[in-house]
Amino acid sequence: MKRLLVLGLAVLGAATLSGTAAAQDKPRCGAGNGTAATGAPIKVGGIFGNAAPGDFSSATDAAKAFFDCVNASGGIHGRPVQYMIENDQWNPELAGQAASKLVRDEGVVAMVGNASFVEMSVNAPLYARENIMAMASGCAVSECFESSSIVSTNQGPLASSVGAAIYAVEELGAKNISCIGLAIPSVGNWSCGAVEEYMASKGLAGSSVLLNPAAPDVNSGLLEAIASGADTMLVNLPAGLAIAVLGSAKEQDIRDTYKWISSTPLYDRSVPGALGEYWDGAMFVNAELTPFDGTGPDNVHWLSVMDAYAKAEDPRDTFSQAGYLSAKFFTQMLEAMDPGDIDVRAKVTAAIKAIAGYRSDLICGPYYVGEVDRHMPNHAGTMVKVSGAGFEVVRECYEYEGPYFAPLIEAEKKFGLR
Amino acid sequence: MAYSTSGIAGLAFAALTAVFLPVLVGSQWVLIFTSTACFALAAAGIGLMYARLNMVSLTQVGLMGVGGWVTLRMNHGLGLPFEFNLLAAGVVTAAFGMLLALPALRMRGLYLALITLMSAGGIEIVLSTFRFPNGGEGFWGVMPSVAAPFRRPVLAIEDGAYLRYAIVVSTLGMLLIELHRRGAPGRAWAMIRRSEAAAMASGVNVTLYKAWAFALSGLLAGLAGGLLAGSIGLLDAATFRAPESIMLFALAVVGGAGSWPGAVIAAILYRVLPALFNDWGLNPDLALVIFGAALLHAIMTAPEGIAGQIRAALPRWAK
Amino acid sequence: MQKHIQSVSAYVVLMAAIMTALTWAMPAKIVGLFVVSGLAVGSLYALGGIGLVVLYRATGVLNLGAGAIGAFSVMLAWQLDVRGWPAPLTWLAAIGVATGLSLIYGRLIAPRLAWRDPVVKAVATLGLALIVLGVTAFLWEDDVRKFSLPTDEVGVTILGLRVTVTRLIVACAAVAIVVGISLFLAWTRVGLQMRSLANDRDLSALLGVPILRVETQAWGIAGAIAGFTGLMFGDLVRLEPTIITFLVIPCIAAAICGRLHSLGLVLVGGLSIGVIESLMTLSPTFKSVRSMAPFVIAALVLMWMQRGRRPLFAGDQ
């Protein structure tokens, strides 16, 4: 029903657009011939989370827009993609039910664009058992990266935090970083732990302050970070909580006493406005994908696809880029497959695992999958600074280092990507 | 023991659902109904305390979390079969419920409800800080990678069989309540509910039987939490937050406390209705509005909840 | 009275002991920071708790929906602010809407439950909480938002910690409401009627106290306090409806410290909970579970209150 509704809206939207002479400007996606695809649809699934702690739906929204564009441009081997999306509402039971519906009942050939806090931890065993790959876009917990059947285009809190820490050490002269994260073992402890390891590997000091997600009081967490003797504060929290912490810091007027860095959640268009003038020019944020106002061909294409096929109010943020990219890589992979094999899940899974060296200007490094227990192809990022009502790039693509990435780099050498 | 129409209907309902549900519905709905069976068992515990003793327990879902934690801890720590883990979850949670009963014994009404609410708040913080064991080292047993495998009961490896298993366990739990209701505890509860002074004067051990109700309700919550852990293979703290306990209590009142259809209706509202909303593309927030309105309606005009209204509408022979 | 003094002094001794244990051998400067920070949080708990107790004393209803009403009103204020309304008007609108919602419930639904147990009345307000939260979450989908007041920009330094005027307003409002309501109850006719209702509803009705009118006034006052509390939570905690709605649970903990009766003790309870929660940050063992402080303290208070009471003839408590 929801699908029908969305479909109806999309048709309606398309009709209005074509009426306003925008039809010829519509972007093309995939290798199709330009006439709308017909024939048996290729079933693809996606799970996102949208409930109280945050809305990750922009990843699947973007993947949906891309697939709609593919279908309008001629499909994959002439066939349309039927993209089915479910919301897990941050509830592990719902996540399991959604995956069961898509993987078992609907028989999708792959999952694309998944973005959630809980879905991956719950469903990784199911994906492995059913031999299906998830080309995710919004991984936020350790389980998501440490699974053989999930690979994501985004970086997650660990890589992004370490990336921010590297920038602070190399360019801001940080000697002692306090990482303020969520008190959830597979999120805060995991990612802030890696920051501490990175600092230790450089002979510098690092510490973690962990906040309970529902706690009303962020002030004492901030005070704890101050008491650690740090010279740099790394805010590694969901945007809402991060803004509360920075509000507390503003209250203490300690902006100039410390250097302030953050992982990607604060790289969002509405953040500079919510932070206000006080943080203008003082807040350095790591961007997992390249900046969303970039001029690379994929970035421009992403925006035009969103304008043509997504709702105007769907956010154009990092997760949206990541969702677009997963869908694009998936399409690219299917187009290279034998048309007779694309309905066979095992063949699609094997083809996804064989992906090596896909490139895009939306990510700094190559995208690859491989038959390994840990996937984190994207571990190079960009650093931006809050500037006026937006952001300003302060460091172009740079690769992260540290103990956590050593095995990944080994694997990349094996794939011949280095 | 005499057989009541309601009891026979309950057994028939359980048998029918156990036989046909796994065959008739898709694998998504098998999981939804498994959750429903778990929460029906927990809601039956709430109904027991509310209908028999007028005690409001706002921590039942938190207690389910305790049961789930024990099940996962046992599963990843020892090589015992599922049944032992589930039983341990029930026993530990019952003991936990008793512990909660100690300060609560002298309270009633609002203050009792409040102390259970405080307990729900405390459990929420502990679970969200330490999380559920997933096969890691140490007491808390949490590791950052994908959870170690969960051993389901030998008889119920597949989701469909597990749904049957959950229905059977829930039915046994409800039969246990019925057994209590018809035995000495049931008579004691009835007297305590009417007047503690009178009950005490006629030689009823008020302390014992009140603590007993807490323990029984805790046992059911523990079993429900263990079953839920087995359904998904892992648990997340978000499932057991204090607002969820409040919600399940509200729905137990809406469904109708103190009867098996009431508990089943509560669980259906709690798990099936949001799933239907999801399928129909309706905003899940609207379910909250419906729950709220239904709660007000139930409290003002339908003291026995939806189950009571259905019963009233049935012909006389079916009552 | 003697028992009362005994209880209060036992509470003060216990809190002081916990605070001393947590701050043992810590530099005074650090302790000062955490104490002030704790007082700031504690005054939020106290403000919420006081709102609950004001209504409970007059009507016997513990309004679990107060948080949801506050959340709705601050979201509305944010929305109107975005639409370009002048700031003071948005605050008035928020408090007005909160008062209205509270009055609707107090006038339409509460009277129909007037003769039920306090616990049933409390459970019914859960219905209110769910409806208001559902509507709020439906109207304002999850997004990054910030609600701020002009008073956030100005601050004073207390024991090394900078405290914004907004936080001072919260603390002063909590004290002012305690004093104001106490005077109101002691000196005005309606206050007298409220006290008599709280004591014995049946007798008051027999004596000719206009129950409905008095209770409606209480709902109005409580609604305005809930709206004000919502604005403060939205500014000082986070602008997220679910979080603000369920902050009512720690606020209940503060209310319990005042036995749901004494406004002054609610204030003391809220502040001490806040300080202990904040000081727990200093302990490596307890810092990760410091949010449990309100619940543990409230449970201890409840247990203390019940000591020595015989189970029979115990009334509703």
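Source: prediction; values computed, not measured.

Glancing now at the packing of aromatic side chains. Within this structure, the stated rule accounts for 39 aromatic pairs over all chains. Considering the side-chain rings of B:Tyr50 and B:Phe249, the 5.4 Å spacing of their centres and the 80° angle between planes classify their relative orientation as edge-to-face. Remark: B:Phe249 occurs in helix H10 (residues 242–255) and B:Tyr50 occurs in helix H2 (residues 27–53); sequence separation between them is 199 residues. For B:Tyr50, a relative accessible area of 19% corresponds to the buried category. On the accessibility criterion, B:Phe249 (0% relative accessible area) is buried. Considering the side-chain rings of C:Tyr105 and C:Trp219, the 5.3 Å spacing of their centres and the 55° angle between planes classify their relative orientation as tilted. Of this pair, C:Tyr105 sits in helix H4 (residues 87–109) while C:Trp219 sits in helix H9 (residues 211–236), and the two are 114 residues apart along the sequence. Residue C:Trp219 is classed as buried on the basis of its relative accessible area of 0%. Among the aromatic residues, those joined into a cluster by ring pairs are A:Phe145, A:Trp190, A:Tyr398, A:Tyr400, A:Tyr404 and A:Phe405. The ring of A:Tyr404 is capped by A:Arg374, whose NZ or CZ atom sits 4.4 Å from the centre of that ring.

The next point concerns the interface of chain A and chain B. Contact with chain A, which involves 30 residues of that partner, is made by 31 residues of chain B. The interface formed by chain A and chain B includes three salt bridges. Where the side of chain A that touches chain B is concerned, the elements lending two or more residues are strand E4 (81–87), helix H3 (92–105), helix H4 (119–129), helix H5 (142–145) and helix H7 (185–201) of chain A. Here the side of chain A that touches chain B takes eight residues from H3(A), the largest share from any one element. Taken together, the residues that form the side of chain A that touches chain B break down as 12 nonpolar, 10 polar and eight charged.

Time to look at the nonpolar core. Nonpolar side chains tend to gather and get buried jointly when the protein is soluble and globular. Counting 228 residues, the largest nonpolar core has B:Met118, B:Leu227, C:Ile50, C:Leu62, C:Tyr105 and C:Ile252 as its most contacted members. Here this core takes 17 residues from H2(B), the largest share from any one element. Non-local contacts of C:Ile252, meaning those with residues more than four positions away in its chain, are made with B:Leu114, B:Leu117, B:Met118, C:Leu52, C:Leu62 and C:Leu64. Core analysis: the second largest hydrophobic core is formed by 134 residues, A:Leu275, A:Met283, A:Leu289 and A:Val386 among them.

Facing 41 residues of chain B, the contacting portion of chain C comprises 52 residues. Taken together, both faces of the contact between chain B and chain C bury some 4200 Å²; the carbon and sulfur share is 80%. Sorting the residues of chain B by area buried against chain C places B:Arg106, B:Tyr111 and B:Met118 first, and these three jointly supply 18% of that buried surface. At the boundary of chain B with chain C, the tally comes to zero salt bridges. Counting the contacts that link chain B with chain C gives four residue pairs in polar contact (both at pLDDT 80 or more). The set of elements that each furnish at least two residues to the side of chain B that touches chain C consists of helix H5 (109–130), helix H8 (196–201), H10 and helix H12 (285–301) of chain B.

Let us look at the pattern of salt bridges. Here the structure, examined in full by the defined rule, presents 27 salt bridges over all chains. In this structure, A:Lys101 engages B:Asp279 in a salt bridge whose closest nitrogen and oxygen atoms are separated by 3.4 Å. Of this pair, A:Lys101 sits in helix H3 while B:Asp279 sits in helix H11 (residues 260–280), placing the two residues on different chains. Classification of B:Asp279 as partly exposed rests on a relative accessible area of 23%. B:Arg182 is the partner of B:Glu178 in a salt bridge, and the nearest nitrogen-oxygen pair spans 2.8 Å. Separated by four residues within a single helix, B:Glu178 and B:Arg182 lie in helix H6 (residues 159–182), roughly one turn from each other. For B:Glu178, a relative accessible area of 22% corresponds to the partly exposed category. On the basis of relative accessibility, which here comes to 29%, the residue B:Arg182 falls in the partly exposed class. Within this structure, A:Arg104, A:Glu130, A:Arg345, B:Arg152 and B:Asp159 form a network of salt bridges that share partners.

In this section: the sheet that holds strand E14 (residues 283–287) of chain A. Residue and element names in this part refer to chain A. With mixed pairing, seven strands are arranged side by side in an open sheet as E11-E10-E12-E13-E14-E17-E18. At either end of the open sheet lies a strand with only one pairing partner, and these are strand E11 (205–211) and strand E18 (390–399). For this sheet, the mean angle separating the axes of adjacent strands, direction not counted, is 25°. Bridge analysis of strand E10 (residues 176–182) against strand E12 (residues 232–236) gives five bridges, and the strand direction is parallel. Note on E12: the bridge partner recorded for Cys179 is Leu234. In this fold helix H8 (residues 219–227) packs onto E10, E11, E12 and strand E13 (259–262), with an angle of close to 170° to the strand it touches most, E11.

We now examine the domain arrangement of chain A. Residues and elements named next belong to chain A. Each assigned domain of chain A is listed with its residue range as follows: domain 1 (2–155 + 294–378) and domain 2 (158–287 + 382–414). When each unit is reduced to the centre of its C-alpha atoms, the spacing between domain 1 and domain 2 is 29 Å. Each partner contributes to the interface: domain 1 provides 15 residues, whereas domain 2 provides 18 residues. Of the roughly 1500 Å² buried where domain 1 meets domain 2, counting both sides, 60% is carbon and sulfur surface. Of all residues in domain 1, Gln155, Arg374 and Met376 give up the largest surface area on contact with domain 2, accounting jointly for 34% of the area buried on that side.

The subject of this paragraph is the UniProt feature "transmembrane region" (unreviewed entry) in chain B. Within the UniProt annotation, "transmembrane region" (unreviewed entry) is assigned to residues 7–25, 31–50, 84–102, 109–130, 214–235, 247–270 and 286–307 of chain B. The straight-line gap between the two end C-alpha atoms of residues 84–102 of chain B is 27 Å; of that span, 100% is helix and 0% is strand.

Glancing now at helix H3 (residues 66–82) of chain C. Residue and element names in this part refer to chain C. For H3, which comprises 17 residues, the first-to-last C-alpha distance of 25 Å matches the rise-based estimate of 24 Å (1.5 Å per residue) to within 8%. Taking burial as the measure, the 17 residues of H3 include 14 buried ones, the bulk of the element. Immediately downstream of H3, the backbone of Gly84 shows phi near 95°, a positive value.

Attention shifts here to the state of the cysteines. All told, the structure shown has four disulfides over all chains when counted by the stated rule. With a sulfur-sulfur separation of 1.9 Å, A:Cys29 is cross-linked through a disulfide to A:Cys69. Because the sign of the S-S torsion sets the handedness, a value of about 95° for the bond joining A:Cys29 and A:Cys69 places this disulfide among the right-handed ones. Pair noted here: A:Cys29 is in the loop between helix H1 (2–19) and strand E1 (42–48) and A:Cys69 is in helix H2 (residues 57–72), with a separation of 40 residues, a long-range link. We classify A:Cys29 as buried; its relative accessible area is 1%. The exposure class assigned to A:Cys69 is buried, which follows from its relative accessible area of 0%. Here A:Cys179 engages in a disulfide with A:Cys192; their sulfurs sit 2.0 Å apart. For the disulfide bridge between A:Cys179 and A:Cys192, the dihedral angle about the S-S bond is near -65°, and by the sign convention the bridge is left-handed. Placement of A:Cys179 in strand E10 and of A:Cys192 in helix H7 is noted, with a sequence separation of 13 residues between them. Under the relative-accessibility criterion, A:Cys192 is labelled buried at 0%. If the cysteines joined by disulfides in chain A are listed in sequence order, their pairing comes out as 1-2, 3-4, 5-6, 7-8. No disulfide involves C:Cys251; its sulfur sits 12 Å from the nearest other cysteine sulfur, which is in C:Cys257.

Rules used in this analysis
- Residues numbered from 1 in each chain as written.
- Chains lettered and ligands numbered in written order.
- Predicted model: local features only at pLDDT ≥ 70, side-chain atom pairs only at ≥ 80, totals over all residues.
- Heavy atoms only, no water.
- Phe/Tyr/Trp six-rings, centres within 6.5 Å; stacked < 30°, edge-to-face > 60°.
- Helix = DSSP H or I, 4+ residues; strand = E, 2+ residues; numbered from the N terminus.
- Buried < 20%, exposed > 50% of the residue type's maximum accessible area, 1.4 Å probe, protein only.
- Lys NZ or Arg CZ within 6 Å of the ring centre and 35° of its normal.
- Contact = heavy atoms within 4.5 Å.
- Salt bridge = Lys/Arg side-chain N within 4 Å of Asp/Glu carboxyl O.
- Nonpolar A, V, L, I, M, F, W, Y, C, P; charged D, E, K, R; others polar.
- Core = buried A, V, L, I, M, F, W, Y, C linked by side-chain atoms within 4.5 Å.
- Buried area = accessible area lost by both parts, 1.4 Å probe.
- Polar contact = N/O pair within 3.5 Å; in protein donor to acceptor, adjacent residues only side chain to side chain.
- Pairing = 2+ DSSP bridges.
- Axes fitted to C-alpha atoms, helices over the stretch in contact; angles between N-to-C directions.
- Domains from an automatic or database assignment.
- UniProt positions renumbered as here; feature names shortened; annotations may be inferred.
- Expected span 1.5 Å × (residues − 1).
- Disulfide = S-S within 2.5 Å.

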